[in-house]
Amino acid sequence: MNRESLGGATMVESARGLGGRAWLVLAFLLLALVALRPAGAFAAPPAGAIIGNQATASYTDAGGNDRTTTSNLVETTITQIAGVDVETNQTRTAAPGSTVYLPHTVTNTGNGNDVYNLLAAQVAGGTFSFSSIVIYADVNGDGIPDNFTPITVTPTLAAGQTYGIVIAAQVPGAAASGQSSQLTITGTSQFDGSITDFNTDTVTVSTNAVVPVTKSLSVQSGPANTEVEVTLTYTNNGSKTATNLTLTDVLDARYAYVADSGRWSVTNPAVLTDLAADPDTGGIAYGVNAQTVTAVIASVAPGQSGFVRFKVTVVAGTAPGTIPNTGDVSYGDGGGNTVVTDTNTSTFIVTPAPGVVLTDDGSTTDADAVNDVVLIASANQGATLIFDNVVINNGTGVDTFDLTYGSSTFPAGTSFQLLRAGGTPMTDSNGNGIPDTGPLAPGASFHVHLRVILPNNVAAAGPFDVIKTATSTLDPTVKDTVTDRLGSLNANTVDVTNDAPVGGAGVTDAGPGDAPANTVAINPGQTASFDLYVNNTSAVSDSYNLAASTDSTFAALTLPAGWSVVFRNGATNAVISNTGTIAAGASRHVVAEVSVPAGQAPTLAPHQSLYFRAQSPTSGALDVKHDAVEVNTVIDLSVTPNNTSQGFPGGQVVYKHTLTNNGNAPVSAAPLTVGNSTALWNSVIWYDANGNGVIDASDLVVDDLADIVAITGPLAAGGQLPLLVQVFVPSGATDGAANTTTITVSAVGDSDPSNNVAVDTTIVVVGDVQVRKQQALDANCDGTADAAFTQTQLSAKPDECLIYRVTLTNLGTMPITGSSISDTTPSFTTSVGASATVTSGSVTAEPAAGTAGVVTATVGTVNSGSNATLQFSVRINP
């Protein structure tokens, strides 16, 4: 910006800033700035954003099996930095005794919310003293105060947001023509008082004609094709008649002039001709030549006001961003001088139109409403499947897309994990708790993989679907879906329905991921009855054990404290726990009676989900039915994420989890249970008191949230607690065997039981490999860590560096071969370039400086007890 004062009242400003403008929506500004960068550029992270990721390693074990394992997650919180930009210097002429209006803007150039103190003061050395200097708001950017309430601070401005102000400076009536004085406007950050910026304005007195002109827009923001009415308003505040007042507006190329839209206040509503060669009569010559609109008004008497008005449209296809426009002004001042000045700058914000395509082949022609299907025809029990999808930013601005999966019909015990194309787990770049793509430019794409590990001990018929959704963070109503489908696992099947058998009148059906089919509202102490039909949809007879739980995966049979479920034969009313033999194609009517204790306090709104399961003890065929009891109050606990790793016989694996209170009230107790899918496996839950990701002396074995609350107090709404799950692998475990460890939190009345469970999948290998990821801050980016490497969360500022260290350790008894380590630059970071090193082997891939991507090192053979370490640096976007 230009901080130097500008002399001469009739000189055009040497540097125009953005001028007075309307408030700017933060998201639109950030998108506009990013959209103007080259494709390889990246956005700065906002304060509070959490960046981080996990590394992966692949190798071949002693038995010739190809293996993949994942490291722990390391995270860094972005801290706030302050910044301010005040624009722009003004040079104006004013009549004695008049008030001159000087528009400016204050922009938050930091990365978090801030408020700015405003101070306008006269500069010493002028030839007159202003009678008063007052600051007003100019929210609509027309260069005049919105009201006459003085301000000394801005409202809270988000990062990138701009606020318009106007200084009203009164010139004393005794000021003589030709006298000149200056004033400054200073903005100071309240977050960091050392951060300031200022402008210098110059005002020269004239006793001739003085004609300030302001420029305003009918609307300040909108998408491409928006029609905008531009108004140039003039007033002669001087004592002589102004002649040949010439208003020239050179339109930005992103504006298209609307033919025959010119109007003059004197002859309104008569249309002004657009033909420069055919000037209008009645005291004005108006014409349009290409992008230049010119109006010449023959004379403006002292005290006379008026306006010239015309319309433009934002050109179709215009990218999101800001369109600043300033008009030029000249006139004869009645004293033999020609004054040359300009208007305030009016700014129109072109808002983005969000759009997303989630597809199986990357086709940009896929409509949002089309649900693509990625099909794997068949698979064996216990297999690991990879579904590959492509997210495409089909909108007009930079956007980040959340990736979620739900409505799964896969068998209970199936493990799901979202991965990047390089095989590393997806992370959350914007701090909303959902994995996402990170910022994508318009037309950019992002490969996302869903890794599905099928349970070893489950057989059931397909197809199995899990619906993956990409959701715009600019507009959460904009989303697209893909169905990842497994065609078949040939096995016995069963279907549990409500109210009627399959195909019957009034039948309803809802799986674990669907909304409940039936919701029964009851008071405490009452019993809710659900009519269930267990349908044998197999080709042979079968019988089914009955169970109920608030855990949709049935890793544990959990019910809220004091609740009970009794199953009765629908024909005899006898209490049962098994349906008895049901012929192929037949069904059995079962009544599930859910009793709530008389002392039960109001629980979740709008309901307490209950899942009814029918499972064959012979074939393993099962189905889960989703119903609900309506309750009140919002309590919602979740355990995340799902993990996958390897273990060796007689060894142990520690998995990191986060317990989160997603509800709106504090929670003091909730059972924490852990179970394993395979006999002889054992697991323990620890409270990670110091949050360092490892079990140490300060940690505590827990089986209820109450154990932790006794130390920390109730878990507040939005609060999080770190948990560790220690899984012990039995000595007799065979190579290749898989076990799923399920950690379940069972808060009474949980409104969303679908997120109460996290699944850790452990695969037994002869040679156990551990991948450990650590990080260290390198604030001045000199390549040297500022402190010891750690797994705990760090804090860092934009433009600082992080050094990542990934260590692969062979804890097994046999060598591993063909080993490699892979990691990815997290969202909001880029590679430092040429920073990757490995203790043995070679770096085979590393992004160039200033770009993002995968870092890979080939380490070959790693003997028992040995390790290999990959280290590289990233810079947080400035």
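The preceding data block contains the structure.
The sections below set out a description of the structure shown in this document. (Residues numbered from 1 in each chain as written. Predicted model: local features only at pLDDT ≥ 70, side-chain atom pairs only at ≥ 80, totals over all residues. Heavy atoms only, no water.)

**Focus on the overall build of the protein**
So, step 1. A tally of helices and strands in the protein yields two helices and 58 strands.
So, step 2. Among the 878 residues that make up the protein, the fraction classed as buried is 51%.
So, step 3. Here the analysis covers contacts within the protein between residues at least 6 apart in sequence; of these, 75% occur between residues at least 24 apart.
So, step 4. Carbon and sulfur atoms make up 53% of the accessible area of the protein, which amounts to about 33000 Å² in all. (Helix = DSSP H or I, 4+ residues; strand = E, 2+ residues; numbered from the N terminus. Buried < 20%, exposed > 50% of the residue type's maximum accessible area, 1.4 Å probe, protein only. Contact = heavy atoms within 4.5 Å. Areas by Shrake-Rupley, 256 points an atom, 1.4 Å probe, with all protein chains shown as cover.)

**Points about the pattern of salt bridges**
Side-chain pairs of opposite charge can arise where the charged atoms are in close proximity.
So, step 1. Summed over all chains, the structure comprises 11 salt bridges.
So, step 2. Where Arg485 meets Asp465, a salt bridge forms, and the shortest distance between an N and an O atom there is 2.7 Å. Taken together, the residues span a long stretch of sequence, with Arg485 in strand 31 (residues 479-488) and Asp465 in strand 30 (residues 464-472) at a distance of 20 residues.
So, step 3. Given a relative accessible area of 26%, Arg485 falls into the partly exposed group.
So, step 4. With a shortest N-O distance of 2.9 Å, Lys468 and Asp484 are connected by a salt bridge. Taken together, the positions of Lys468 in strand 30 and Asp484 in strand 31 put the pair 16 residues apart, joining distant regions of the chain. Per residue, the accessibility class of Lys468 equals that of Asp484, and both read buried. (Salt bridge = Lys/Arg side-chain N within 4 Å of Asp/Glu carboxyl O.)

**Thoughts on the state of the cysteines**
So, step 1. By the definition in use, this model includes one disulfide.
So, step 2. The disulfide partner of Cys781 is Cys801, and the gap between their sulfur atoms is 2.0 Å. Taking the sign of the S-S torsion, 100° for the link of Cys781 and Cys801, the bridge is right-handed. Of this pair, Cys781 sits in the loop between strand 50 (769-778) and strand 51 (794-796) while Cys801 sits in strand 52 (residues 801-810), and the two are 20 residues apart along the sequence. (Disulfide = S-S within 2.5 Å.)

**With respect to the pairing of strand 28 (residues 415-420)**
So, step 1. Strand 28 sits mainly inside the fold: six of its six residues count as buried.
So, step 2. Side chains Ser415, Gln417 and Leu419 project from strand 28 onto one buried face, and the interleaved Phe416, Leu418 and Arg420 project onto a second face that is buried too.
So, step 3. In this sheet, strand 29 (residues 445-453) lies alongside strand 28 in antiparallel orientation, the contact comprising six bridges. In the strand pairing of strand 29, Gln417 is matched with Arg451. (Pairing = 2+ DSSP bridges.)

**A word on the sheet that holds strand 6 (residues 91-94)**
So, step 1. With mixed pairing, the four strands of this open sheet are ordered in space as 6-12-11-8. Two strands in the sheet have a free side with no partner beyond their single neighbour: strand 6 and strand 8 (116-122). Neighbour-to-neighbour, the strand axes of this sheet turn through a mean angle of 25°, independent of strand direction.
So, step 2. As paired strands, strand 6 and strand 12 (residues 196-205) are joined by four bridges and run parallel to one another. (Axes fitted to C-alpha atoms, helices over the stretch in contact; angles between N-to-C directions.)

**Examining the packing of aromatic side chains**
So, step 1. Counted by the stated rule, this structure contains nine aromatic pairs.
So, step 2. Between Phe128 and Phe130, the ring centres sit 5.1 Å apart and the planes meet at 75°, which makes this aromatic pair edge-to-face.
So, step 3. Take Phe130: its relative accessible area is 9%, and that puts it in the buried class.
So, step 4. Between Tyr405 and Phe416, the aromatic rings sit 5.5 Å apart at their centres with planes inclined by 40°, giving tilted as the arrangement. Residue Tyr405 is located in strand 27 (residues 401-406), and its partner Phe416 is located in strand 28; the two are separated by 11 residues in the primary sequence.
So, step 5. Classification of Tyr405 as partly exposed rests on a relative accessible area of 31%.
So, step 6. Judged by its relative accessible area of 10%, Phe416 falls in the buried class.
So, step 7. Every member of this aromatic cluster is reached through a ring pair, and the members are Tyr405, Phe410, Phe416 and Phe464.
So, step 8. The lysine or arginine in question, Arg309, covers the ring of Phe307, its NZ or CZ lying 4.1 Å from the ring centre. (Phe/Tyr/Trp six-rings, centres within 6.5 Å; stacked < 30°, edge-to-face > 60°. Lys NZ or Arg CZ within 6 Å of the ring centre and 35° of its normal.)

**What to know about the nonpolar core**
So, step 1. In terms of nonpolar packing, the biggest core is built from 33 residues, with Tyr234, Leu245, Tyr286 and Phe310 touching the most fellow members.
So, step 2. Residues Ile78, Val806, Ile816 and Ala836 belong to the second largest nonpolar core, which totals 30 residues. (Core = buried A, V, L, I, M, F, W, Y, C linked by side-chain atoms within 4.5 Å.)

**Let's talk about helix 2 (residues 705-712)**
So, step 1. All of the buried residues in helix 2 are Leu705, Ile708 and Val709. Mapping the buried residues of helix 2 onto a view down its axis gives an arc of 105°, with all of them on the same face. Exposed and oriented more than 90 degrees from the buried face of helix 2 are Ala710 and Ile711.
So, step 2. If you follow the buried residues of helix 2, they end up packed against strand 41 (637-640), strand 43 (652-661), strand 44 (672-676), strand 45 (682-687) and strand 47 (720-728).
So, step 3. Measuring from the backbone nitrogen of Ala706 back to the side-chain oxygen at the start of helix 2 gives 2.8 Å, which picks out Asp704 as the cap.
So, step 4. Count one or two residues on from helix 2 and you reach Gly713, which has phi positive near 85°. (Arc of directions from axis to C-beta. Polar contact = N/O pair within 3.5 Å; in protein donor to acceptor, adjacent residues only side chain to side chain.)

**Examining the side chain of Asn208**
So, step 1. If you trace the backbone, Asn208 turns up in the loop between strand 12 and strand 13 (213-217).
So, step 2. Residue Asn208 is classed as buried on the basis of its relative accessible area of 10%.
So, step 3. Of the polar contacts made by the side chain of Asn208, one reaches the side chain of Lys240; its length is 3.1 Å.
So, step 4. A distance of 3.2 Å separates the side chain of Asn208 from the side chain of Asp333, its partner in a polar contact.
So, step 5. Residue contacts for Asn208: discarding those within four places in its chain leaves Gly238, Ser239, Lys240, Asp333, Gly334, Gly335 and Asn337.

**Some thoughts on the environment of Thr292**
So, step 1. Summarising the element assignment, Thr292 is placed in strand 20 (residues 292-300).
So, step 2. Counting along the chain gives 43 residues from Thr292 to Asp249, while the straight-line C-alpha distance between them is 5.8 Å.

**Structural notes on unusual backbone geometry**
So, step 1. Put simply, Asn268 and Pro269 share a cis peptide bond, and its omega is 15°.
So, step 2. Mapped onto the fold, Pro269 is located in the loop between strand 18 (263-264) and strand 19 (284-289).
So, step 3. Thr640 connects to Pro641 through a cis peptide bond whose omega is -10°.
So, step 4. Of note, Pro641 is situated in the loop between strand 41 and strand 42 (643-647).
So, step 5. Here Asn225, not a glycine, exhibits a phi torsion of approximately 80°, which is positive.
So, step 6. Inspection of the secondary structure assignment puts Asn225 in the loop between strand 14 (221-222) and strand 15 (227-235).
So, step 7. On the basis of relative accessibility, which here comes to 54%, the residue Asn225 falls in the exposed class.

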